[in-house]
Amino acid sequence: MITTENRFKSWYQQEKEKICALSWKKRVGYLLHYYRGWLIGLIVLICVGFYIGDIVAQSQKEVVLQGFFTNDEWNLFSAEELQKDYQTTLSLQKNQSVVFDDSLYIDLGGKASDYTAASNGKIIAYMATHELDFIVTSSEVMQHYQELIPLKDLNEILPDDLKKALQNSLVPTFKEGKTVCLALDMTQSRFVAGIGVDQDPAITDTYYLLVPASASHTAQLTDFIRYCFN
């Protein structure tokens, strides 16, 4: 009786002999022609494996600061470059990391409703788990968020020397019977000064840093703000 195992062994031996008899160039052509689907499946499986491995590795890391940049149409805040550069100023352990994301976009005009909903959903989710430390966004979205989400008063988390140095960038707002500072104008930051709205007439957006009330890494955030403004 011929079993499935014996059939496989026979097929495998035949294929092995056939492929071994070919030159390297013909072997590649043969494999691509007859086993294209299997090869694509293997590549996908390897990619999924790397993706899962990366997720597991990231989950084991302590995020010391996490921030989102939205509506950066002028690419002033490149999250990847900013993240790498800022991390070089820190003495992080192997299991620690800084995470920035510039892929979010909030369209208050309703033209990109699906993407806006996804971006807002991500912001709300990270706020709910106390993982989001700051948001940098345009003036229009900043005004929207000041009414929509609870924010920290920057006067309460910044040290006196930094408040004094940034007095012209802190944006005062009258709320609930008192004056608070819920936003920091980023125009004079290292990312915008000399190339942004203060110099280039084509750039019409002013960007602000907001701190959600749920932010948990305020000490590290203070250090990041110092880094932003040199």
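You'll find the structure just up there.
Every value quoted in this text rests on a predicted model; they were computed, and no experiment measured them.

## Brief notes about helix α4 (residues 79–87)
Where α4 is concerned, the buried positions are Ala79, Leu82 and Tyr86. Buried residues along α4 cover an arc of 65° about the axis, so they all sit on one side. Exposed residues pointing more than 90 degrees away from the buried face of α4 are listed as Glu80, Glu81 and Lys84. In this structure, the buried residues of α4 make contact with β1 (62–70), β2 (96–104) and α9 (218–228).

## Section: the nonpolar core
Core analysis: the biggest nonpolar cluster contains 34 residues, and Phe100 and Phe224 have the highest contact counts within it. Counting residues per element, the ones that place at least two in this core are β1, α4, β2, β3 (134–138), β5 (178–185), β6 (207–210) and α9. Sorting elements by how many residues they give to this core places α9 first, with 5 residues. Sequence-distant contacts of Phe100, defined by excluding residues within four places in its chain, comprise Leu65, Gly67, Phe69, Ala79, Leu82, Gln83, Tyr86, Phe134 and Phe224. Counting residues in hydrophobic clusters, the runner-up holds 17 residues, among them Phe68, Leu104, Leu151 and Leu182.

## Structural notes on the packing of α4 against α9
Contact pair α4 / α9: the axes reach a minimum separation of 12 Å and the direction vectors enclose 105°. Relative to α9, α4 is oriented roughly perpendicular. The segment α4 lies against α9, with Leu82, Asp85 and Tyr86 engaging Gln220, Asp223, Phe224 and Tyr227.

## Here's the deal with the sheet that holds β2
Pairing is mixed across the open sheet formed by 6 strands, whose spatial order is β2-β1-β3-β6-β5-β4. Strands with a single pairing partner mark the edges of an open sheet, and in this sheet they are β2 and β4 (170–175). When strand polarity is set aside, the average angle formed by the axes of neighbouring strands in this sheet is 30°. Of the pairings in the sheet, the one linking β4 to β5 comprises 6 bridges and is antiparallel in character. Its bridge partner lying in β5, Leu170 is registered against Leu184. The strands touched by helix α5 (residues 113–128) are β1, β2 and β3; relative to β2, the strand with the most contacts, the crossing angle is about 155°. Here helix α6 (residues 139–148) sits on the sheet in contact with β3, β4, β5 and β6, set at roughly 130° to β3.

## Some details on the pattern of salt bridges
Following the criterion strictly, the structure yields 5 salt bridges and no others. Where Glu80 meets Lys84, a salt bridge forms, and the shortest distance between an N and an O atom there is 3.5 Å. Taken together, the residues span about one helical turn, with Glu80 and Lys84 both in helix α4 at a distance of 4 residues. When sorted by exposure, Glu80 lands in the same class as Lys84, which is exposed. Linking Asp160 and Lys163 is a salt bridge whose minimum nitrogen-to-oxygen distance equals 3.5 Å. Highlighted residues: Asp160 and Lys163, both in helix α8 (residues 160–165), separated by 3 residues, approximately one helical turn.

What counts and how
- Counting starts from 1 at the beginning of each chain's written sequence and moves along it residue by residue.
- Where local features are concerned, this predicted model is filtered to residues with pLDDT of at least 70; where side-chain atom pairs are given and counted, the filter is 80 or more; whole-chain, interface and lining totals use all residues.
- Remark: hydrogens and water are excluded; side-chain values derive from all non-hydrogen atoms of the structure.
- Residue exposure (1.4 Å probe, protein chains only): buried if accessible area is under 20% of the type maximum, exposed if over 50%, otherwise partly exposed.
- Helix and strand definitions follow DSSP, with helices as H or I runs of at least four residues and strands as E runs of at least two, each counted in order from the N terminus.
- This arc is built from the directions going out from the helix axis to the C-beta atoms.
- Whether two residues touch is decided by their heavy atoms; if any such pair falls within 4.5 Å, the residues are in contact.
- For our purposes a nonpolar core is just a set of buried Ala, Val, Leu, Ile, Met, Phe, Trp, Tyr and Cys residues, chained together by side-chain atoms within 4.5 Å.
- Note on method: axes are straight lines fitted to C-alpha atoms, helices fitted across the in-contact stretch only, with angles between N-to-C directions ranging 0 to 180 degrees.
- Each angle is binned into one of four classes, with values under 35 degrees roughly parallel, values over 145 roughly antiparallel, values of 65 to 115 roughly perpendicular, and all other values oblique.
- When DSSP finds at least two bridges between two strands, those strands are taken to pair.
- Whenever a carboxyl oxygen of Asp or Glu lies within 4 Å of a side-chain nitrogen of Lys or Arg, that contact is scored as a salt bridge.

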